[in-house]
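# Tertiary structure, described
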Amino acid sequence: MKNLVSRSVFALSLLSGIVIFGSISVAAAPPAPNLSVLAWQGSSSPTVESPYQYSTRVRNIGNQTAQGVTLTVTFPLTNTSPSQFILGKLTSVQTSGGTCSVVANKIQCSFGNLSQNQTRTVTFNFEFQVASTQPTMTTTVASSSLNEKDPYNNLLAFTPSLQYPDNVITAGNYMVTSCTGRGLTSFYECEQFPSSQQSFTAAFDLGGTIAIPQAPDYNGFWDQNSLPLNKTLHFTIMYGSVTEAEFNGFAVSSTCFEGLTVFPGNTTYNSAYRVCRQ
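Residues numbered from 1 in each chain as written. Predicted model: local features only at pLDDT ≥ 70, side-chain atom pairs only at ≥ 80, totals over all residues. Heavy atoms only, no water.

### Examining the packing of aromatic side chains
Applying the stated criterion across every chain yields a total of 18 aromatic pairs. Here Tyr54 and Phe158 contribute two aromatic rings whose centre-to-centre distance is 5.8 Å and whose plane-to-plane angle is 55°, an arrangement assigned as tilted. Here Tyr54 is found in strand 2 (residues 52-60), whereas its partner Phe158 is found in strand 9 (residues 155-158), with 104 residues between them in sequence. For Tyr54, a relative accessible area of 0% translates into the label buried. Assessed through its relative accessible area of 15%, Phe158 is described here as buried. Ring plane angle 55° and centroid distance 4.6 Å describe the contact between Tyr174 and Phe204, whose orientation is recorded as tilted. Separated by 30 residues along the polypeptide, Tyr174 in strand 10 (residues 172-181) and Phe204 in strand 11 (residues 198-204) bring together distant segments of the chain. The same class applies to Tyr174 and to Phe204, which are both buried. Here the aromatic cluster, defined as three or more aromatic residues joined through ring pairs, consists of Trp40, Tyr54, Phe75, Phe124, Phe126, Phe128 and Phe158. (Phe/Tyr/Trp six-rings, centres within 6.5 Å; stacked < 30°, edge-to-face > 60°. Helix = DSSP H or I, 4+ residues; strand = E, 2+ residues; numbered from the N terminus. Buried < 20%, exposed > 50% of the residue type's maximum accessible area, 1.4 Å probe, protein only.)

Now the structure itself:
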């Protein structure tokens, strides 16, 4: 009987210890703001050189007001010098609160203080261009509050998959407009410097050959074999048996293509071309 009582006391003590241990609570985290960039709103498959509306949003998902909230949207940029430009047409910037302006190729917004669960939205129209760079837009938010929680949700990038219209080559004359530089990424860069542009006429035939009336010693051949079919154009310009230039481009309308041209004999420079049916 004595042993039974001892064991019972021991068991009761152990159980009490478990109950007491289980009743210990962890102190709640101190109040803190937590800015979060929400998912982008807008087409994930826009057609090039067509305006689309996009919205980017920030919400304070913390349990304390965020002080001095700012939001910045960055865009792909031209590879031009000495000035760079947004690689696309940005218009109609609006916000649901605060103020926004386009400064240094960015949308920059000031929202003041953002209380718990408050959201601010920035909306704008954008036209993507044919380019060799990624069409990425990125939103970054910040606060003057020194105790903001989880800064890893303060940034969100969005890279849509660009689409191109159909443009099937027909026999006839095509105007080739170009500019030349180092590391060009898009014909849109040529549009920023109109005086740098030059042009020539190329005659395409349905057999896949090219003649250049202004320079009879030059000729070439073309195809639309690259994917996506009926939306791309490749051509080669020859001088005799020597390859002078290689163009690869995408349709931007039912009559024009844009893309980049490389020169096998000169790796320092490249050109951006717009090729349009006359």
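### Comments concerning the nonpolar core
Ranked by internal contacts, the top residues of the largest apolar core, which has 30 residues, are Tyr54, Leu71, Phe75, Ile107, Phe124, Phe126 and Met137. Only strand 1 (35-37), strand 2, strand 3 (66-74), strand 6 (106-114), strand 7 (119-128) and strand 8 (137-142) provide two or more residues apiece to this core. Core analysis: the next-biggest nonpolar cluster, separate from the first, contains 18 residues, Ala202, Phe235, Ile237 and Phe257 among them. (Core = buried A, V, L, I, M, F, W, Y, C linked by side-chain atoms within 4.5 Å.)

### Side note on the state of the cysteines
Taken as a whole, this structure holds 3 disulfides when the rule is applied. Two residues share a disulfide in this structure: Cys100 and Cys109, whose sulfurs sit 2.0 Å from each other. Its torsion about the S-S bond being 110°, the disulfide of Cys100 and Cys109 is classed as right-handed. (Disulfide = S-S within 2.5 Å.)

### What to know about the sheet that holds strand 12 (residues 209-211)
The sheet built from 8 strands closes into a barrel, its strands ordered 10-11-12-13-14-15-16-17 with antiparallel pairing. In this sheet, neighbouring strand axes are inclined to one another by 30° on average, regardless of whether the strands run parallel or antiparallel. Bridge count between strand 14 (residues 232-239) and strand 15 (residues 242-251): 8 bridges; the pairing is antiparallel. When the bridges of strand 15 are listed, Leu233 appears paired with Gly249. (Pairing = 2+ DSSP bridges. Axes fitted to C-alpha atoms, helices over the stretch in contact; angles between N-to-C directions.)

### A closer look at the pattern of salt bridges
Side chains carrying opposite charge are able to pair once their charged atoms draw close together. As enumerated under the stated definition, the model contains 3 salt bridges in all. A salt bridge links Glu191 to Arg274; its shortest N-O distance comes to 3.2 Å. With Glu191 in helix 2 (residues 187-191) and Arg274 in strand 17 (residues 266-277), this pair connects stretches of sequence that are 83 residues apart. The structure contains a network of salt bridges with shared partners spanning Glu191, Glu258 and Arg274. (Salt bridge = Lys/Arg side-chain N within 4 Å of Asp/Glu carboxyl O.)

### Some points on the sheet that holds strand 2
With antiparallel pairing, 4 strands are arranged side by side in an open sheet as 1-2-7-4. Every other strand in the sheet has two partners, leaving strand 1 and strand 4 (88-95) as the edge strands with one partner each. Neighbour-to-neighbour, the strand axes of the sheet open up by a mean angle of 20°, direction not taken into account. Looking at chain direction, strand 4 and strand 7 are connected through 6 bridges and run antiparallel. Bridged to Thr91 within strand 7 is Asn125.

### Here's the deal with the environment of Ser92
By the secondary structure assignment, Ser92 is in strand 4. Setting aside residues no more than four positions away along its own chain, Ser92 makes contact with Thr123, Phe124 and Asn125. (Contact = heavy atoms within 4.5 Å.)

### Brief notes about the confidence of the model for the protein chain
For any part of a model where pLDDT is low, the fine detail of the predicted coordinates should not be relied upon. Looking at the protein chain, the pLDDT average stands at 91 and 90% of residues meet or exceed 70. Contacts of residues 1-21 to residues separated by more than four positions or lying in other chains number 0 contacts, the stretch itself having pLDDT below 50. (pLDDT = per-residue confidence, 0-100.)

### Focus on the side chain of Thr123
Considering the arrangement of structural elements, one finds Thr123 in strand 7. Overall, the relative accessible area of 17% leaves Thr123 in the buried class. Reaching out from Thr123, the side chain makes a polar contact with the side chain of Ser55 at a distance of 2.9 Å. If sequence neighbours within four positions are ignored, Thr123 has contacts with Gln53, Tyr54, Ser55, Ser92, Val93 and Gln94. (Polar contact = N/O pair within 3.5 Å; in protein donor to acceptor, adjacent residues only side chain to side chain.)

### Notes on the environment of Ser145
By the element assignment, Ser145 lies in the loop between strand 8 and strand 9. With relative accessibility at 12%, the residue Ser145 sits in the buried group. In this structure the C-alpha to C-alpha distance between Ser145 and Thr65, which are 80 residues apart in sequence, comes to 8.7 Å.

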